Amino acid sequence: MENRSANDLLRKVRKIEIKTRALSHQIFAGEYHSAFKGRGMAFSEVREYQYGDDVRNMDWNVTARLRSPYVKVFEEERELTVVLLIDVSRSGLFGTAGMTKNDLIAEIAAVLSFSAIINNDKVGALFFSDKVEKFIPPKKGRSHLLHIIREIIELKPESDRTDIGEALRYLTNAIKKRCTAFLLSDMLDVNDDGTPRYEDALKVAAGRHDLSVIEVYDPRERTLPDIGLVHIKDSESGASTWVNTTRKMRRLYSEWFETVSRSAVRLFNKYSIDNVSISTDEDYVKGLMSFFQKR
């Protein structure tokens, strides 16, 4: 039984590796490189001030010591540190269009990982529910990448719920140097009025790192079908109730989801966070390409 389970896992890893590695080589590597390379600047040296230099780059300590104006010289960082924040809460098990939200997150995470490895970047992963379930520190190499993909497929979270703020706070504390971070989640971590619960942590993380949000969703969860009286259950809290899917109820439900979406977008715009929303019933290649090109 154990051998069969291990073989099934290897087959899943191999399948997702073949598909996403090909996409990364053929489509995304160039777009990823253009979108994210050169965003970070590393200190290189100091030299004497020249006419036209930006005074904001003055090195006042060296200037005072040598009694002559000196400026700091920076160069583009050629290697990035990429961290994937992967939502593994129970709401990700929902899917009505051939794949679950978790399936979609897994493939997108693998594509981003392979794109990073192709460009010789370090990759790490942080798996979260309402706590950090597992953190894999950034490293290079194919074996490290396959370790991440195995965890994406195999990891069974201890908790069902979601706390995006907790994941962002962990990122801020664990990664001191500026990194490129991707938050992959359905972003359903909101108050009763539909406003995000994670604003404070998002603000701090976006100030420290180059943070992007990739929201995944299933089209069916945003609209209620007209099917009369139906029993529904919250996959994370376990709470259940009967709902009469009248026209008014369907309208109120759609309006609430629209509020959730608008509130999140306003937040991303407020803190200049690049973001894209991808559905389980669409080609995520198109969504990612559009996202890269917007940068």
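Residues numbered from 1 in each chain as written. Predicted model: local features only at pLDDT ≥ 70, side-chain atom pairs only at ≥ 80, totals over all residues. Heavy atoms only, no water.

### As for unusual backbone geometry
Thinking step 1. For R67, which is not glycine, the phi torsion reads 55 degrees and is therefore positive.
Thinking step 2. Structurally, R67 can be placed in the loop between helix 2 (60-66) and strand 2 (70-76).
Thinking step 3. Backbone geometry places S272, a non-glycine residue, at a positive phi of 55 degrees.
Thinking step 4. Tracing the chain through its elements places S272 in the loop between helix 7 (247-270) and strand 10 (274-279).
Thinking step 5. Its relative accessible area of 66% is what places S272 among the exposed residues. (Helix = DSSP H or I, 4+ residues; strand = E, 2+ residues; numbered from the N terminus. Buried < 20%, exposed > 50% of the residue type's maximum accessible area, 1.4 Å probe, protein only.)

### Considering the packing of helix 3 (residues 101-118) against helix 4 (residues 142-154)
Thinking step 1. One way to put it is that helix 3 packs onto helix 4 with a least axis distance of 10 Å and a crossing angle of 175 degrees. Considered as vectors, helix 3 and helix 4 are oriented roughly antiparallel to each other. Between helix 3 and helix 4, the contacting residues are A106, A109, A110, S113, F114 and I117 on the first element and L145, I149 and I152 on the second.
Thinking step 2. For the contact of helix 3 with helix 4, the residue count by class is eight nonpolar, one polar and no charged. (Axes fitted to C-alpha atoms, helices over the stretch in contact; angles between N-to-C directions. Parallel < 35°, antiparallel > 145°, perpendicular 65-115°, else oblique. Contact = heavy atoms within 4.5 Å. Nonpolar A, V, L, I, M, F, W, Y, C, P; charged D, E, K, R; others polar.)

### Section: the packing of helix 3 against helix 8 (residues 284-294)
Thinking step 1. It is at 11 Å that the axes of helix 3 and helix 8 come closest, and there the two elements cross at 50 degrees. Considering their axes alone, helix 3 and helix 8 lie oblique with respect to each other. When the axes of helix 3 and helix 8 are compared, the crossing they make is right-handed. Contacts between helix 3 and helix 8 pair L104, E107, I108, V111 and L112 from the former with Y284, L288 and F292 from the latter.
Thinking step 2. Class assignment for the residues of the contact of helix 3 with helix 8 results in seven nonpolar, no polar and one charged. (Left-handed = near helix turned anticlockwise from the far one by under 90°.)

### Focus: the pairing of strand 3 (residues 81-87)
Thinking step 1. Summarising burial for strand 3: six of the seven residues are buried, a large majority.
Thinking step 2. Alignment of strand 3 against strand 4 (residues 122-128), held across seven bridges, turns out to be parallel. Counted as the bridge partner of I86 is F127 from strand 4.
Thinking step 3. The pairing of strand 3 with strand 6 (residues 180-185) spans five bridges and is parallel. (Pairing = 2+ DSSP bridges.)

### A few points about helix 6 (residues 199-208)
Thinking step 1. Buried within helix 6 we find A201, L202, A205 and A206. Taken end-on, helix 6 shows its buried residues confined to a sector of 125 degrees, consistent with a single buried face. Along helix 6, exposed side chains directed more than 90 degrees from the buried face belong to D200 and G207.
Thinking step 2. Where helix 6 is buried, its residues touch helix 5 (164-174), strand 7 (210-217) and helix 7. (Arc of directions from axis to C-beta.)

### Side note on the pattern of salt bridges
Working definition: two side chains of opposite charge can pair if their charged atoms are close together.
Thinking step 1. Evaluation of the coordinates by the stated rule reveals ten salt bridges.
Thinking step 2. With its nearest N and O atoms 2.9 Å apart, the salt bridge here joins K270 to E199. Separated by 71 residues along the polypeptide, K270 in helix 7 and E199 in helix 6 bring together distant segments of the chain.
Thinking step 3. A relative accessible area of 26% places E199 in the partly exposed class.
Thinking step 4. R251 is paired through a salt bridge with E255; the nearest N and O atoms lie 3.2 Å apart. Residue R251 and its partner E255 are both found in helix 7; the two are separated by four residues, about one turn of the helix.
Thinking step 5. A residue is classified by how much of its surface remains accessible, and R251, at 42% relative accessible area, is partly exposed. (Salt bridge = Lys/Arg side-chain N within 4 Å of Asp/Glu carboxyl O.)

### Examining the packing of aromatic side chains
How two aromatic rings sit relative to each other is set out by the distance from centre to centre and by the angle between their planes.
Thinking step 1. As enumerated under the stated definition, the model contains three aromatic pairs in all.
Thinking step 2. Seen from their ring centres, F291 and F292 are 5.8 Å apart, and the 45 degrees between their planes marks the pair as tilted. (Phe/Tyr/Trp six-rings, centres within 6.5 Å; stacked < 30°, edge-to-face > 60°.)

### So, the confidence of the model for the protein
Thinking step 1. When pLDDT is averaged along the protein, the result is 83, and 83% of the positions lie at 70 or above.
Thinking step 2. The least confident element of the protein is helix 1 (residues 2-36), whose mean pLDDT is 63; the most confident is helix 5, at 97. (pLDDT = per-residue confidence, 0-100.)

### Topic: helix 5
Thinking step 1. Within helix 5, burial applies to I164, G165, A167, L168, L171 and T172. Viewed end-on, helix 5 has its buried residues packed into an arc of 160 degrees, placing them on one side of the element.
Thinking step 2. Looking at the buried residues of helix 5, the elements they touch are strand 3, strand 4, strand 6, helix 6 and strand 7.
Thinking step 3. Capping of helix 5 at its N-terminal end is provided by D163; its side-chain oxygen lies 3.2 Å from the backbone amide nitrogen of G165. (Polar contact = N/O pair within 3.5 Å; in protein donor to acceptor, adjacent residues only side chain to side chain.)

### Description of the sheet that holds strand 4
Backbone-to-backbone hydrogen bonds join strands into a sheet, with any given pair of strands oriented parallel or antiparallel.
Thinking step 1. Here six strands make up an open sheet; going across it, the order is 5-4-3-6-7-10 and the pairing mixed. This sheet does not close on itself; its edge strands, each paired only once, are strand 5 (132-139) and strand 10. Across the sheet, the mean angle separating the axes of adjacent strands is 15 degrees when strand polarity is ignored.
Thinking step 2. Pairing between strand 7 and strand 10: six bridges, direction parallel. Bridged to S212 within strand 10 is D274.
Thinking step 3. Lying over the sheet, helix 4 contacts strand 3, strand 4 and strand 5, oriented at roughly 165 degrees with respect to strand 5.

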